[in-house]
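For reference, the chains in residue letters:
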Amino acid sequence: MNKFPKNFLWGAACASYQCEGAWDEDGKGPNIWDDFCHMGGHVKNQDNGDIACDCYHRVQEDVALMKQCGLQAYRFSVSWARIFPNGDGIVNPLGFIYYDELVDSLLKNGIQPMITLYHWDLPSALQDRGGWLNRDITRAFARYAEVVAQHFKGRVHTYMTLNEPQCIAQLGYGVGVHAPGLVLDEEKVAQVFHVLCLAHSAGMRAIKAVDPTATVGVVTCGRQCYPQTDTPQNRESAYQETFNLSSPGWQFTSNIFLDSLILRKYDETAPETVRRFAHTIDPSDWDMMETPDFIGINIYNGEMVDAEGRYVKPHPGAPVTACKWKVTPEVMHYCTLHIYRRYGIPVYITENGLSCNDKVYLDGAVHDAERIDFLHRYLLELQKGIAEGAPVLGYLHWSLFDNFEWAEGYDERFGMIYVDYKDGRRILKDSVKWYRNVIESNGDSL
Ligand code: NOJ
């Protein structure tokens, strides 16, 4: 029996601000991450995405590397401010130059392009008008989605509207560690979530109007629990706790976004502030919600819980990544089952990976045994969820390249391709050679 379904899609992902560079070229307007970095004081080492991996100028080289890695799909995001320098209004005639070259080159090499429309780099002009707090943004987002979908009609078939609404809302508007750096109360954060739901929906309608055959998803993250031991009762506790909004950190649950979008209601476990906000919602808003064709799950680790749903602390010395995130492969088994059980639609793993203390060895190679072991364990667990019936359409590793890791700057290396930031040189790490075999054998090599 095959471990992964026949048409399972294997690939990798990256995002515009994190890898493109060329921050002010070809008519691009400023975005909130340009501003946040240039302002100083928000990002480690005062790093910024001005040059990043310089992907903007290295399309042919990069796609040749992807081909060499055996990728079947590449998930990338479009920088809204390249297409609409002011967020809205007039389309920049040069805005698609880079994406055209990228998409055409991917297609020529048999790699499927998958577009994320919004991976956090909002045009500054829209932020000046309130950003995701102002529901007028949904119209601008729909226009942007329409223009992109029209442009790529016949070439791109899979879109993701928003990446991780949880980070947009909480990190950007709640605690301010991401652009636009606002520190607002919980009700305002709830409002951002609601506007994001409306924006996803308007964007999805706009894409479908232009290209009814397009597949449109949304990418989520958030708490995922898994059982300490695999019994039916423990599984149930893990499921309940995964979606329990009354536990600390409701902002980092999948359901705070996906329940409104798909189930069109807030869970009864929602905290008081969220319920207060929910009362202010015009009932007609619920009719405007669009169920995505798939849910993208970004998953890095999870929380182990016991039979009562209590969190079990990792044992001392339990494995962690370079940025000290827990290594919990088991979460891969359950997260797809949880999301499918609650929402009943197919999923992609749109991100999964880790940062390692990678370096170039004396032999000129990058030996990232830790990444291989991580990936191996996580993929074996993913397979268990699939075997139990989770409809998982594909796996996209985060990330293809080392890149700009937001507030952590360039300190964290998440890539399967090493980037030397001194000169932009790329080196395939051991992990991507290993991953190539996994892809070629559709996971049978695991
Ligand atoms: C989620 C985000 O989508 C991505 O931009 C980020 O680099 C990775 N997680 C790693 O933190």
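Shown above is the structure to which this text applies.
These remarks concern the structure in this document. Since this is a predicted model, take the numbers as computed values, not measurements.

## A word on the site of the ligand
Looking at the ligand, there are 13 residues lining it, with Gln-18, Asn-163, Glu-351, Glu-405 and Trp-406 nearest. The separation between an oxygen atom of the ligand and a polar side-chain atom of Gln-18 is 2.7 Å. One of the side-chain N or O atoms of Tyr-300 is found 3.3 Å from a nitrogen atom in the ligand. Look at the ligand: alone it shows 300 Å² of surface, and the protein chains cover 95% of it. Mapping the ligand onto the cavity grids shows that it belongs to the largest pocket. The residue inventory of the shell around the ligand, partitioned by class, reads six nonpolar, four polar and three charged.

## Structural notes on the layout of surface pockets
Looking at the largest pocket, its volume works out to about 840 Å³. Forming the boundary of the largest pocket are 31 residues, of which Glu-164, Cys-167, Phe-252, Tyr-300 and Trp-325 lie nearest the centre. The class makeup of the residues in the lining of the largest pocket is 14 nonpolar, 10 polar and seven charged. Space inside the second largest pocket adds up to approximately 270 Å³. Residue lining of the second largest pocket: 17 residues in total, with Tyr-226, Pro-314, Ala-318, Val-327 and Thr-328 positioned closest to the centre. Counted by class, the lining of the second largest pocket contains nine nonpolar, three polar and five charged residues.

## Brief notes about helix H15 (residues 430-440)
Turning to H15, its buried residues number three or more, namely Ser-431, Val-432, Trp-434, Tyr-435, Val-438 and Ile-439. Considered in projection along H15, the buried side chains sweep an arc of 155° and stay on one side of the axis. Elements in contact with the buried residues of H15: strand S1 (9-13), helix H14 (369-387), strand S10 (392-398) and strand S12 (425-428). Looking at the residues trailing H15, positive phi occurs at Asn-442, about 50°.

## Points about the sheet that holds strand S2 (residues 73-77)
The eight strands are arranged S1-S2-S3-S4-S5-S7-S9-S10 in a closed barrel whose pairing can be described as parallel. Neighbour to neighbour, the strand axes of the sheet diverge by 25° on average, direction disregarded. Pairing of strand S7 (residues 294-298) with strand S9 (residues 347-351), which is carried by four bridges, proceeds in the parallel orientation. Pairing of Ile-295 across the sheet is with Val-347, part of S9.

## Focus: the nonpolar core
Generally speaking, a soluble globular protein has its nonpolar side chains buried in company with each other. Judged by nonpolar contacts, the single largest core of 139 residues is most densely connected at Trp-33, Tyr-74, Trp-80 and Trp-132. The leading source of residues in this core is helix H9 (residues 186-210), at 14 residues. Core analysis: the second largest hydrophobic core is formed by 14 residues, Met-114, Phe-294, Cys-323 and Phe-414 among them.

## A few points about the pattern of salt bridges
Under the criterion given, the structure shown has 34 salt bridges. Salt-bridge contacts for Lys-44 lead to Glu-408; the nearest nitrogen and oxygen are separated by 2.8 Å. Linking Lys-44 in the loop between helix H2 (32-39) and helix H3 (59-68) with Glu-408 in the loop between S10 and strand S11 (417-420), this pair joins segments that are 364 residues apart in sequence. Of the charged contacts in the structure, one is a salt bridge between Asp-230 and Arg-235, with a shortest N-O distance of 2.6 Å. Residue classification places Arg-235 among the partly exposed positions, given a relative accessible area of 25%.

## Some words on empty space enclosed by the protein
As enumerated under the stated definition, the model contains four cavities of 30 Å³ or more in all. Forming the boundary of the largest cavity are Ile-32, Trp-33, Tyr-118, Trp-120, Trp-132, Cys-167, Ile-168, Gly-172, Tyr-173, His-178, Ala-179 and Pro-180. The element best represented in the lining of the largest cavity is helix H8 (residues 165-174), accounting for four residues. Here the residues of the lining of the largest cavity sort into 10 nonpolar, two polar and no charged. Space inside the second largest cavity adds up to approximately 70 Å³. Taken together, Ser-16, Tyr-17, Glu-20, Gly-21, Trp-23, Lys-28, Asn-31, Asp-34, Gly-49, Ser-79, Arg-82 and Asp-121 form the lining of the second largest cavity.

## Brief notes about the packing of helix H11 (residues 255-263) against helix H13 (residues 331-343)
Between two packed helices, both the angle of their axes relative to each other and the distance between the axes serve to describe the pair. At a minimum axis distance of 11 Å, the contact between H11 and H13 shows a crossing angle of 30°. Accordingly, the angle class assigned to the pair H11 and H13 is roughly parallel. Viewed along their axes, H11 and H13 form a crossing whose handedness is right-handed. Taken together, the residues of H13 that come into contact with H11 (itself represented by Asn-255, Leu-258, Asp-259, Ile-262 and Leu-263) are Ile-339, Arg-342 and Tyr-343.

## Concerning the pairing of S9
By the criterion of burial, S9 is predominantly enclosed, with five of the five residues buried. As paired strands, S9 and S10 are joined by two bridges and run parallel to one another. Directly across from Val-347, in S10, lies its bridge partner Val-392. Viewed along the sheet, the connection from S9 through H14 into S10 turns out right-handed.

## A word on the packing of aromatic side chains
This model, assessed by the stated rule, comprises 37 aromatic pairs. Their ring planes at 80° and their centres at 5.1 Å tell us that Trp-33 and Phe-36 sit as a pair that is edge-to-face. Of this pair, Trp-33 and Phe-36 both sit in helix H2, three residues apart, which is roughly one turn of that helix. One exposure class covers both Trp-33 and Phe-36, and it is buried. Pairwise contacts between aromatic rings join Tyr-17, Trp-33, Phe-36, Trp-120, Phe-404, Trp-406, Tyr-410 and Tyr-421 into one cluster. Over the aromatic face of Tyr-361 sits the side chain of Lys-359, whose NZ or CZ is 4.3 Å from the ring centroid. When the ring centre of Phe-401 is taken as origin, the NZ or CZ atom of Arg-426, which lies over that ring, is 5.1 Å away.

Cut-off values and rules
Residues numbered from 1 in each chain as written. Predicted model: local features only at pLDDT ≥ 70, side-chain atom pairs only at ≥ 80, totals over all residues. Heavy atoms only, no water. Near = heavy atom within 4 Å. Polar contact = N/O pair within 3.5 Å; in protein donor to acceptor, adjacent residues only side chain to side chain. Areas by Shrake-Rupley, 256 points an atom, 1.4 Å probe, with all protein chains shown as cover. 1 Å grid on protein atoms, 1.4 Å probe; cavity = no way out; pocket = protein on both sides within 12 Å on 5 of 7 lines; lining within 4 Å. Sits in = over half its atoms within 2 Å of the grid points. Nonpolar A, V, L, I, M, F, W, Y, C, P; charged D, E, K, R; others polar. Points joined across faces, edges and corners; volume = space filled by probe spheres on them. Buried < 20%, exposed > 50% of the residue type's maximum accessible area, 1.4 Å probe, protein only. Helix = DSSP H or I, 4+ residues; strand = E, 2+ residues; numbered from the N terminus. Arc of directions from axis to C-beta. Contact = heavy atoms within 4.5 Å. Pairing = 2+ DSSP bridges. Axes fitted to C-alpha atoms, helices over the stretch in contact; angles between N-to-C directions. Core = buried A, V, L, I, M, F, W, Y, C linked by side-chain atoms within 4.5 Å. Salt bridge = Lys/Arg side-chain N within 4 Å of Asp/Glu carboxyl O. Parallel < 35°, antiparallel > 145°, perpendicular 65-115°, else oblique. Left-handed = near helix turned anticlockwise from the far one by under 90°. Right-handed = clockwise from strand over helix to strand, strands pointing away. Phe/Tyr/Trp six-rings, centres within 6.5 Å; stacked < 30°, edge-to-face > 60°. Lys NZ or Arg CZ within 6 Å of the ring centre and 35° of its normal.

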